[in-house]
Amino acid sequence: MRGAVDDVSYARVAVPAATGQAFDYWAPEGLGVVRGSLVRVRLARRRCVGVVTGVHATSEIARERVQPLDDVLALPPLPEDVVALAEFVSAYYREPIGLALSLAVPPVRAGARRRALAPPQALVLTEAGSAELAARAVRAPALSALFAKLRDAPGGIGGEAIAALAPRDRRRLAAWRAAGWVAEPEPTASARRVEPNDAQRAAVEAIAATAGRFSVTLLQGVTGSGKTDVYAAAAAGAIAGGGQVLLLVPEINLTPQLTARFAAALPGARIATLHSGLSDGERLDHWAVAASGEAALVVGTRLAVYAPLPRLALVIVDEEHDPSYKQQDGVRYHARDVAIVRARARGVPIVLGSATPSLETVLHARAGRYARVVLPERADPRARAPAIRFAPEDDPGAREGLAGPLVEAIRARLARREQSLVFVNRRGYAPSLKCAACAWEAGCPRCSARLVVHREPARLRCHHCGHAERIPRACPSCGNVDLHARGLGTQRIEAALAQAFPDARIARVDRDTTRVRGAFEAVREQVAAEGIDILVGTQMLAKGHDFPRLTLVGVIGADHALYSADFRAVERLAALLFQVAGRAGRAALPGEVVVQTAFPAHAVYRALAADDYDALASDLLEERRVAALPPHAHLVLLAAEAVSRDDVDRFLAAAEHEARAARARGRAAVEVHAPVPSLLARRAGHERAQIVVQASRRPELARFLDAWVPALRALPGRRVRWSLDVDPIAL
Ligand code: ADP
Ligand code: ZN
Ligand code: ZN
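The written sequence of each chain sets the order in which its residues are numbered from 1. Following the order in which they are written, the chains are lettered starting with A and the ligands numbered starting with 1. Only residues with pLDDT of at least 70 are given local features in this predicted model, and only at 80 or more are side-chain atom pairs given and counted; all residues enter the totals for whole chains, interfaces and linings. Think of the side-chain values as coming from all heavy atoms in the structure, minus any hydrogens and water.

Overview of the overall build of the chain
- Scanning the chain from N- to C-terminus turns up 20 helices and 30 strands.
- Scaling as 2.2 N^0.38, a compact globule of 731 residues should have a C-alpha radius of gyration of about 27 Å, and the chain matches this with 28 Å.
- Each principal axis of the C-alpha atoms in the chain carries an extent, and together these give about 80 × 70 × 55 Å.
- Sequence separation of at least 24 residues holds for 75% of the intrachain contacts in the chain that already meet a minimum separation of 6.
- For the chain, the exposed area adds up to about 32,700 Å²; of that, 52% sits on carbon and sulfur atoms. Numbering of helices and strands runs from the N terminus, with a helix taken as a DSSP run of H or I at least four residues long and a strand as a DSSP run of E at least two residues long. All radius of gyration figures rest on C-alpha atoms, and the globule criterion is 2.2 Å times the number of residues raised to 0.38. Residue contacts follow a heavy-atom distance rule, with two residues in contact if any of their heavy atoms lie within 4.5 Å. Method for areas: the Shrake-Rupley scheme with a 1.4 Å probe, in which residue coverage is limited to the protein chains shown.

Below, the structure is given as structure tokens:
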């Protein structure tokens, strides 16, 4: 299908419209349209960018009704393997091809192509700058703020923090740089080359041995075991052989750091990054250097799984268990799974790295379908696994949620000028506001959820729909003025810490404090420069940060997950606990973890204390087997929502009826569950319910879906929004 077609007639174009179908367009000769070409077309009255999935001599549409293509974009066509990958995604996740392909289309809709800005570098004061600016700052207070920032950050201020500065300050920095008052820092210790240890060397060799063919290797390494250096060495091998490497990471926040480490480990290799934090122009440029083969390494978040890579030789998925690989709206694909499919299609090896691999991956490894290499110890020979202690959640000596042992442990760190991290996985002040006299509790008027108490500004907020209102002075139900903020959020713990340790420098990191671009990076730099004593925050803090003076991790409110109705809650909690515990004692100073819990004997905490994830994985796999849940079974979730509960019920009743018919027609061994309300039964004024279909074998499920999905699409239900999730990660 590829290549120039002389007698061009019809191009089938997949468009990213709601229907997402492919339509035929008239392709004038000389445009050089091939499968994969990015073209501009008119759809109804809209103009949009679509992808040519095929070029045909005939069309089923009458010739006079076919419109011509407007234009072929001046970009290389999507490579065949990317088009085929999108076709797979469309078929597997049961989404229209136009939507599946739109994930692979670079951001061209913005139109004008802008040159990428060079990523801002970190800057430090030079000696000349210190002297000169100290003198000037006395006279110019506007200068002195920026000067103080530079002076108080021994490691310099990083690129993200610079990007977050006011434009005037950025212009100042540029001028200072020209004057030689600030400069890029010398490479720091973290960029130093280290000799791999035996386990790392064995891992690199095992991966190298898979070169040139498809195979999946699970790299299971405890936090701090040096997985990144293994990735870098494996990547270096693939690049030396003339190949390109695709590295997927779960979060934008992790890409700058990781990119820096790879840049140090792979001198001379061109690195492209692809994530939603880039401007369209930047992403387009990075896409182009990936497509041209100039980029040796492409680092990106889940979308990067579609990057064009003509010489792909190795795929690496870091933190493969991370839920952010699963897109939760639109095309609900799992980037790790799609990456495996891509590696298989290209005949290249893929490495899945994690300290706490997903149970899916563990099961494949145990069944022998994946190779498994283990890094059992921390790589830094001085580092030890942290000591784990438990403190009762309802400790009588607790102050506003801080148990006595945690307070004492923090005090000891402050005395030794070490740092502490307190992890609370809920933002806001308190998750609920309750009346002490009656049963009233502040609820969202639009969702079946409690409102969260926030301070600064004082508000009740819904974390599901964004609704916000004033905090009432008295109970709206009984008039009692005794309203209690119940439970613990990051703001409350921050306040409690400030009260317990008035002299400590405390920083809070959660979605509320990191809305501004660069804010998180600025805190990280402050912690690295030892300008922070106590960090408090949500799971944003759990990953990928390496602070040598951070020796204590406190965990508050984790028991919450043990009550969750989501069958993956304990698996996710385990990943979070192992990861956050891994923040303590990464270098020479020994680390300690204090977990506040009412259930220290729960399997998840015992596993943490014994540093034995595999034992927990065995327990959880057995539970899943008995309950016939993934990874021992395969699920599809049909979720529906509408303003009226009746509409939802009617739609799902019809869908269930069709499911039973489809099961019979397809003779598929699947179990169709009756409709039930969703975990969040109402959101933003919409009633929500769902049907789960379960199968112990994938082909049975696929056959069932072949029969069910067309029937679903034919159902009336204009007032109902519905979506299908194949392999959902949350029910
Ligand atoms: P992981 O990703 O497995 O949690 P990292 O790759 O971040 O671990 O490595 C943890 C720390 O150990 C880093 O500071 C890294 O520089 C260091 N490190 C890695 N390999 C070695 C080694 N062979 N010898 C000494 N230190 C190492
Ligand atoms: Zn009341
Ligand atoms: Zn709400």
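Still more ground to cover, so stick around.
Focus on the coordination of the zinc ion (ligand 3)
- Here the term donor refers to an N, O or S atom within 2.8 Å of the metal (or 3.2 Å for Na, K and Ca), and because water is left out of the atoms, sites may appear incomplete. Those protein atoms acting as donors to the zinc ion (ligand 3) are Cys-444 (SG), Cys-447 (SG), Cys-462 (SG) and Cys-465 (SG), and they sit at 2.2 to 2.3 Å.
- Note that the zinc ion (ligand 3) binds 4 donor atoms; their angles at the metal cover 105 to 113°, and the shape is tetrahedral.
- For each residue, the accessible area found with a 1.4 Å probe, counting protein chains only, is set against the maximum for its type, and the residue is called buried under 20%, exposed over 50%, and partly exposed in between. For Cys-444, a relative accessible area of 7% translates into the label buried. Donor angles set the geometry label: tetrahedral for four donors if every angle is between 85 and 135 degrees, square planar for four and octahedral for six if opposite donors exceed 155 degrees and the others are between 65 and 115, irregular for anything else.

Focus: the coordination of the zinc ion (ligand 2)
- Distances from the zinc ion (ligand 2) to its protein donors, Cys-435 (SG), Cys-438 (SG), Cys-475 (SG) and Cys-478 (SG), fall within 2.2 to 2.4 Å.
- Every donor counted, the 4 donor atoms about the zinc ion (ligand 2) form angles of 106 to 113° at the centre, which fits tetrahedral coordination.

Considerations on the site of ligand 1
- Whether a residue is near a molecule or strand is decided by its heavy atoms; if any one of them lies within 4 Å of it, the residue is near. Looking at ligand 1, there are 19 residues lining it, with Glu-195, Gln-200, Gly-224, Lys-227 and Asp-546 nearest.
- Each polar contact in these results corresponds to two N or O atoms within 3.5 Å; when the atoms are within protein, one needs to be able to donate a hydrogen and the other to accept it, and residues that are neighboring in sequence are counted only if both atoms are side-chain atoms. A distance of 3.1 Å separates an oxygen atom of ligand 1 from a polar backbone atom of Gly-226.
- In this structure, Arg-261 approaches ligand 1 through a side-chain N or O atom, which is 3.0 Å from an oxygen atom.
- Think of it as three bins: nonpolar holds Ala, Val, Leu, Ile, Met, Phe, Trp, Tyr, Cys and Pro, charged holds Asp, Glu, Lys and Arg, and polar takes everything else, Gly as well. A class-by-class count of the residues in the shell around ligand 1 yields 5 nonpolar, 7 polar and 7 charged.

Examining the sheet that holds strand 15 (residues 387-391)
- Between any two strands, at least two bridges found by DSSP are needed for them to pair. Strand order in this open sheet of 6 strands is 15-25-24-16-23-22, and the pairing throughout is parallel. In this open sheet, the two strands that pair with only one neighbour each are strand 15 and strand 22 (506-509). Averaged over all pairs of adjacent strands, the angle between their axes in this sheet comes to 20°, without regard to strand direction.
- Relative to the sheet, helix 17 (residues 603-610) contacts strand 15 and strand 25 (592-596), its axis offset from that of strand 15 by approximately 145°. An axis is simply a line fitted to the C-alpha atoms; with a helix, the fit covers only the stretch in contact. Between two such axes, the angle follows the N-to-C directions and lies from 0 to 180 degrees.

Quick word on the packing of helix 7 (residues 198-208) against helix 8 (residues 227-240)
- In contact at an axis separation of 9 Å, helix 7 and helix 8 are set at 40° when each is read in the N-to-C sense. By the angle class used here, helix 7 and helix 8 are oblique. Once helix 7 is placed against helix 8, the crossing between them reads as right-handed. Counting all contacts with helix 7, which are made through Gln-200, Ala-203, Val-204 and Ile-207, the residues of helix 8 involved are Asp-229, Val-230, Ala-233 and Ala-234.
- Of the residues in the contact of helix 7 with helix 8, the class split is 6 nonpolar, 1 polar and 1 charged. Reported orientations rely on four angle classes, namely roughly parallel under 35 degrees, roughly antiparallel over 145, roughly perpendicular from 65 to 115, and oblique for the rest. Crossing handedness follows the turn of the near helix against the far one: under a right angle anticlockwise gives a left-handed crossing, and clockwise gives a right-handed one.

Considering helix 11 (residues 335-346)
- Here the expected span of a helix is defined as 1.5 Å times the quantity of residues minus one. With 12 residues, helix 11 extends 16 Å between its outermost C-alpha atoms, agreeing within 8% with the 16 Å of an ideal straight helix rising 1.5 Å per residue.
- Along helix 11, the residues classified as buried are Ala-335, Arg-336, Val-338, Ala-339, Ile-340, Val-341, Arg-342 and Ala-343.
- Packing partners of the buried residues in helix 11 comprise helix 1 (80-93), strand 8 (215-221), strand 9 (244-248), strand 12 (312-317), strand 13 (349-354) and helix 12 (359-366).
- At the C-terminal side of helix 11, Gly-347 shows a positive phi close to 65°.

Remarks on the pattern of salt bridges
- The term salt bridge refers to a side-chain nitrogen of Lys or Arg lying within 4 Å of a carboxyl oxygen of Asp or Glu. Under the criterion given, the structure shown has 48 salt bridges.
- Linking Glu-530 and Arg-549 is a salt bridge whose minimum nitrogen-to-oxygen distance equals 3.9 Å. Of this pair, Glu-530 sits in the loop between helix 15 (519-528) and strand 23 (534-537) while Arg-549 sits in the loop between strand 23 and strand 24 (550-556), placing them 19 residues apart in sequence.
- According to the relative accessible area criterion, Glu-530 is partly exposed, its value standing at 40%.
- Note on Arg-549: relative accessible area 26%, which makes it partly exposed.
- In this structure, the salt-bridge partner of Arg-703 is Glu-700, at a minimum N-O distance of 3.1 Å. Here Arg-703 and its partner Glu-700 are both found in helix 20 (residues 698-714), 3 residues apart, which amounts to about one turn of the helix.
- By relative accessible area, which is 36% here, Arg-703 ends up partly exposed.

That is the geometry; function is a separate question.
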